[in-house]
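# Structure at a glance
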Amino acid sequence: MFRVNEHFLKLSAGYLFPEIARRVALFAAENPSVASRIIRCGIGDVTEPLPSAAADAMRKAIDDLTTRERFRGYPPPSGYDFVRAAVAEGDFRSRGCSVADDEIFLSDGSKPDASAILEILGSGNRIAITDPVYPVYADTNVMAGNSGVALEGGGYEGFTYLACTPANGFSPALPTSPVDVIYLCSPNNPTGAVLDRTALTRWVAYAREHKSVILFDAAYEAFIRDPDLPHSIYEIEGARSCAIEFRSFSKVGGFTGVRCGYTVMPKDLYATTSTGARIGLHALWMRRWATCSNGVSWPVQCATAALYSPAGRAQTRALTDFYLDNAALLADACESMGLTTYGAKNSPYVWMTCPTGLGSWDAFDLLLREAQVVTTPGAGFGRCGEGFIRISAFNSRANVEEVVKRLSVLTARHSSRAS
Ligand SMILES: *Cc1c(COP(=O)(O)O)cnc(C)c1O
């Protein structure tokens, strides 16, 4: 008799995005006359085409595969040297962070990496996640058996939740009881907040003191424009001995469908065994890649390296600028409705307070019903997300302008009703 991983059974049933899809489908079925007007600002998927530098490199790489001389088979499990060098130089050494080429591990994306990392961490670690949170950090730990049961009203028994609220500027306080694994995401999905140097310095000091590890998700790093904000945890002294960083090309290069990301695994990072021995994680991670993966395809690695060329850099800058302009338009529209917004600068997400008296799902339903705009209810990201909704700036300019127009019509309608 074979058994199932029963930790999966603890996952709370109502996952956010299926519930959004269900409500949108129901609305469309009941309101066929306006169904075609629906604009999706819910899921954080990109909309704009690939930078041409990446597309050209991919085409050329496919041609390589069609000739006997330039054909390539299995790639090295953690990436070709020239790609790892482009990444380490382009994202870290050029910013003054000491990261070696062989500390870069290329993968098919950050979501898989954030899940795979738990394979080399022990069981029974005490997990700290922010509230609200990118659901992947919580759910992968539930699946791995690091939590208790789902709690009524959201969250899981056994996790330490770090509240992110307007009162703390969405920069959480240190935990009051010790934790082993700390998930930080900056710029943040969903709040759009960016952790500053002071906050990251405090986290690094905490992790070093408690021998904990920080899992730092910088998937939205390319949206940072404020020159004072750190782009990488390794800009903080001492982070090499307590932090793993995840990066993704999904948002910066429009790679959500192409699939590429990477982990930075510093050689200074040691974990402790049950008998107190100190074990380097770099060797374990290398072993994990060699055993469980055959790496990233040649066309995708070539496309990735092309993002670091001068043309690639100019194009990714233009692409992220485009989404940031969308975010500013959306945030302005919400502010002129009299709502308070957060994020939107240095981030493609607008995190907005719901109109007074409305919960997240009420505000979601109202925007769907009256403006046919799909958002993401903050409550789906955790208890502290209640009272907020997230609006994604990943959309065409035409759609963003249409959303702005509809929000102003909605405001006018409500204020004329009120007077
Ligand atoms: C989009 C996103 C990622 C990227 O995931 P990929 O698997 O690389 O597409 C990672 N972390 C967060 C918080 C995200 O929102």
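Further up the page is the structure itself.
Residues numbered from 1 in each chain as written. Predicted model: local features only at pLDDT ≥ 70, side-chain atom pairs only at ≥ 80, totals over all residues. Heavy atoms only, no water.

That bond from Asp-131 to Pro-132 is cis: its omega, 0°, falls within 30 degrees of zero. Note on placement: Pro-132 falls in the loop between β3 (127-131) and α5 (135-143). Of note, the amide linkage connecting Ser-186 to Pro-187 takes the cis form, showing an omega dihedral of -10°. Residue position: Pro-187 is located in the loop between β5 (181-185) and α6 (197-210). The phi torsion at Phe-170 lies on the positive side, around 60°, for a residue other than glycine. With respect to the helices and strands, the residue Phe-170 is situated in the loop between β4 (160-163) and β5. Classification of Phe-170 as buried rests on a relative accessible area of 7%. Within the chain, Lys-211 stands out as a residue other than glycine whose phi angle is a positive 50°. Along the polypeptide, Lys-211 turns up in the loop between α6 and β6 (213-217). (Helix = DSSP H or I, 4+ residues; strand = E, 2+ residues; numbered from the N terminus. Buried < 20%, exposed > 50% of the residue type's maximum accessible area, 1.4 Å probe, protein only.)

What follows concerns the sheet that holds strand β7 (residues 243-248). Read across the open sheet, the seven strands follow the order β2-β8-β7-β6-β5-β3-β4; overall the sheet is mixed. Unpaired on one side and paired on the other, β2 (104-107) and β4 mark the two borders of the sheet. Pairwise comparison of adjacent strand axes, ignoring direction, gives a mean angle of 20° for this sheet. Bridge count between β6 and β7: four bridges; the pairing is parallel. Considered in β7, the bridge of Ile-214 is made with Ala-243. The sheet strands contacting helix α7 (residues 281-292) are β2, β7 and β8 (261-264), and the helix crosses β2 at an angle near 25°. (Pairing = 2+ DSSP bridges. Axes fitted to C-alpha atoms, helices over the stretch in contact; angles between N-to-C directions. Contact = heavy atoms within 4.5 Å.)

A few words on the pattern of salt bridges. Counted under the stated rule, the structure contains 22 salt bridges. Linking Asp-56 and Arg-59 is a salt bridge whose minimum nitrogen-to-oxygen distance equals 2.8 Å. Here the residue Asp-56 and the residue Arg-59 both occupy positions in helix α2 (residues 52-65), the gap between them amounting to three residues, near one helical turn. On the basis of relative accessible area, Asp-56 is assigned to the partly exposed category, the value being 46%. (Salt bridge = Lys/Arg side-chain N within 4 Å of Asp/Glu carboxyl O.)

Let us look at the sheet that holds strand β15 (residues 388-392). In space, the four strands of this open sheet follow the order β11-β12-β15-β14, with antiparallel pairing throughout. Two strands in the sheet have a free side with no partner beyond their single neighbour: β11 (341-343) and β14 (376-377). Bridge analysis of β14 against β15 gives two bridges, and the strand direction is antiparallel. Looking at β15, one finds that Pro-377 is bridged to Ile-389.

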